[in-house]
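Coordinate analysis (summary)
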Amino acid sequence: MKTLDTDLLKTFLEVTKTRHFGRAAEHLFLTQSAVSFRVRQLESQLGNPLFTRQRHNVQLTAAGERLLPYAEAILQTWGRAKQDVALTEEYNSQITIGASALIWEFDGISDWINSIYETIPGLALRLESIPRQDLAKALLDKSVDLFITSEPPKIDGIRVFKIRDYQLQLVSKELNCTLASTQTMPLVYLDWGARFAIQHSKITELQKTPILHSHSSRMALDYLLTHTSVGYLPAPVINQNVENKELYLVEGAPVMEQALYLVWQEKSEKAELIEQITNINPKMVTKSV
């Protein structure tokens, strides 16, 4: 196989995302014929068609589906490699931290990141938003050096370090809302993982089809602030709204205790840097309301 051109993979991913050669060409600032040529080049190198081409219906073939995760991983790794090679005397090391978008939305995360910069001079950080279910894979294939999660995986050869405790609390914009009264209220469901789903399923009053099922705490929060509804959100996201009396804790609702953890490979070549990060007072522990 010839040397792989990363531009071919970028083009493949853009066509995959848009499902349209013309729109992919616009996004890549190329002509449509150039996009088609790049895809044909990649297909020739791999020996398989990657797309089925029908008018207004571009779909991945089975081979294209298999290539997709590799293309994403290769480009992510190549991006990290370019940044590592380009490190200067001022920034002489780099750490990549992964977390779901939910975690990056936490109040206090940016303060923690700033503490890392203040404590470890010369460190460049790369922060990646990665779906929760893909974090362990990203760690094992070295797309990230460590990740933040509320549910650390049980995998041999990894280390886990707790960085903060927090709570998931049931809230509504309605004053004097009780758990019993939530039976008639629309439900906002923030997808917080398997452990939360099990705990949530035990609350009889909340067993209904959600009016909003979201992976974004910000979207869930915006809905709860503007509609009569009820839902569980992390205390670090809603503390200010509760203090401002824009949201109220539901009386009699269970409070779900949670924690955030750092996870990394025990034999990571950046273990020394990661150990320094774990020694930093995270300044992320905010008192639950």
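Structure shown above.
Residues numbered from 1 in each chain as written. Predicted model: local features only at pLDDT ≥ 70, side-chain atom pairs only at ≥ 80, totals over all residues. Heavy atoms only, no water.

Secondary structure summary: the chain contains 11 helices and 11 strands in total. Referenced to the eigenvectors of the C-alpha coordinate spread, the extents of the chain come out at roughly 65 × 50 × 35 Å. For the chain, the proportion of its 289 residues judged to be buried stands at 48%. As displayed, the chain offers around 15,200 Å² of accessible surface, 52% of which is attributable to carbon and sulfur atoms. Seen as two clouds, the 30 positive and the 33 negative side-chain charges of the chain have centres 6 Å apart. (Helix = DSSP H or I, 4+ residues; strand = E, 2+ residues; numbered from the N terminus. Buried < 20%, exposed > 50% of the residue type's maximum accessible area, 1.4 Å probe, protein only. Areas by Shrake-Rupley, 256 points an atom, 1.4 Å probe, with all protein chains shown as cover. Lys, Arg positive; Asp, Glu negative; His and termini not counted. Charge placed at Lys NZ, Arg CZ, Asp CG, Glu CD.)

Here we take up empty space enclosed by the protein. If a probe the size of a water molecule is rolled over the atoms, the empty space left behind becomes visible. Under the defined criterion, the tally for this structure stands at 1 cavity of 30 Å³ or more. Estimated volume of the largest cavity: approximately 70 Å³. Elements with a contribution of two residues or more to the lining of the largest cavity: helix 5 (101-104) and strand 5 (146-149). Per-class residue counts for the lining of the largest cavity are 5 nonpolar, 3 polar and 1 charged. (1 Å grid on protein atoms, 1.4 Å probe; cavity = no way out; pocket = protein on both sides within 12 Å on 5 of 7 lines; lining within 4 Å. Points joined across faces, edges and corners; volume = space filled by probe spheres on them. Nonpolar A, V, L, I, M, F, W, Y, C, P; charged D, E, K, R; others polar.)

A few words on helix 9 (residues 217-226). Within helix 9, burial applies to Ser217, Ala220, Leu221, Tyr223 and Leu224. For helix 9, the angular spread of the buried residues around the axis is 165 degrees, confining them to a single face. Opposite its buried face, helix 9 presents the exposed residues Met219 and Thr226, each directed more than 90 degrees away. Looking at the packing, one finds that the buried side of helix 9 touches helix 5, strand 6 (158-172), strand 7 (187-190), strand 8 (212-214), strand 9 (230-234) and helix 10 (235-243). (Arc of directions from axis to C-beta. Contact = heavy atoms within 4.5 Å.)

It is worth spelling out the pattern of salt bridges at this point. Within the structure shown, the criterion is met by 11 salt bridges. Arginine 53 is paired through a salt bridge with glutamate 43; the nearest N and O atoms lie 3.1 Å apart. A residue pair is termed long-range when its members are at least 10 positions apart, and arginine 53 in strand 1 (residues 51-54) and glutamate 43 in helix 3 (residues 32-46) qualify at 10 residues. (Salt bridge = Lys/Arg side-chain N within 4 Å of Asp/Glu carboxyl O.)

Attention now goes to the layout of surface pockets. Taken as a whole, the largest pocket encloses approximately 270 Å³ of empty space. In this structure, the largest pocket is lined by Pro69, Glu72, Ala73, Gln76, Ser129, Ile130, Pro131, Asp134, Lys137, Ala138, Asp141 and Ser143. Of all the elements in the fold, those that place two or more residues in the lining of the largest pocket are helix 4 (62-85) and helix 7 (135-140). Top contributing element to the lining of the largest pocket by residue count: helix 4, with 4 residues. Its residues placed into classes, the lining of the largest pocket shows 5 nonpolar, 3 polar and 4 charged.

As a further point, take unusual backbone geometry. Phi at phenylalanine 29 is positive, roughly 60 degrees, even though this residue is not glycine. In this fold, phenylalanine 29 is placed in the loop between helix 2 (21-28) and helix 3. You can call phenylalanine 29 exposed: its relative accessible area is 77%. One non-glycine residue, lysine 245, lies in positive phi territory at about 60 degrees. Summarising the element assignment, lysine 245 is placed in the loop between helix 10 and strand 10 (248-249). For lysine 245, a relative accessible area of 58% gives the class exposed.

Position of alanine 71 among the secondary structure elements: in helix 4. Taking C-alpha positions, alanine 71 is 49 Å from glycine 252, a pair spaced 181 residues apart along the chain. Ignoring any residue separated from it by four or fewer positions in sequence, one finds alanine 71 in contact with Leu9, Phe12 and Leu13.

A few words now on the packing of helix 1 (residues 6-18) against helix 2. Between helix 1 and helix 2, the shortest axis-to-axis distance is 8 Å and the interhelical angle comes to 125 degrees. As summarised for this structure, helix 1 and helix 2 are arranged oblique, according to the angle between their axes. For the crossing formed where helix 1 meets helix 2, the hand is right-handed. In this structure, helix 1 contributes Thr11, Glu14, Val15 and Thr18 to the contact, and helix 2 contributes Phe21, Arg23, Ala24, His27 and Leu28. Considering only residue class, the contact of helix 1 with helix 2 consists of 4 nonpolar, 3 polar and 2 charged. (Axes fitted to C-alpha atoms, helices over the stretch in contact; angles between N-to-C directions. Parallel < 35°, antiparallel > 145°, perpendicular 65-115°, else oblique. Left-handed = near helix turned anticlockwise from the far one by under 90°.)

Another aspect to go through is the packing of helix 9 against helix 10. Contact pair helix 9 / helix 10: the axes reach a minimum separation of 11 Å and the direction vectors enclose 25 degrees. In this view, helix 9 runs roughly parallel relative to helix 10, as classed from their interaxial angle. Crossing handedness for the pair helix 9 and helix 10: right-handed. Side by side, helix 9 and helix 10 meet where Ser217, Arg218, Leu221 and Leu225 of the first sit next to Val237, Ile238 and Asn241 of the second. Here the residues of the contact of helix 9 with helix 10 sort into 4 nonpolar, 2 polar and 1 charged.

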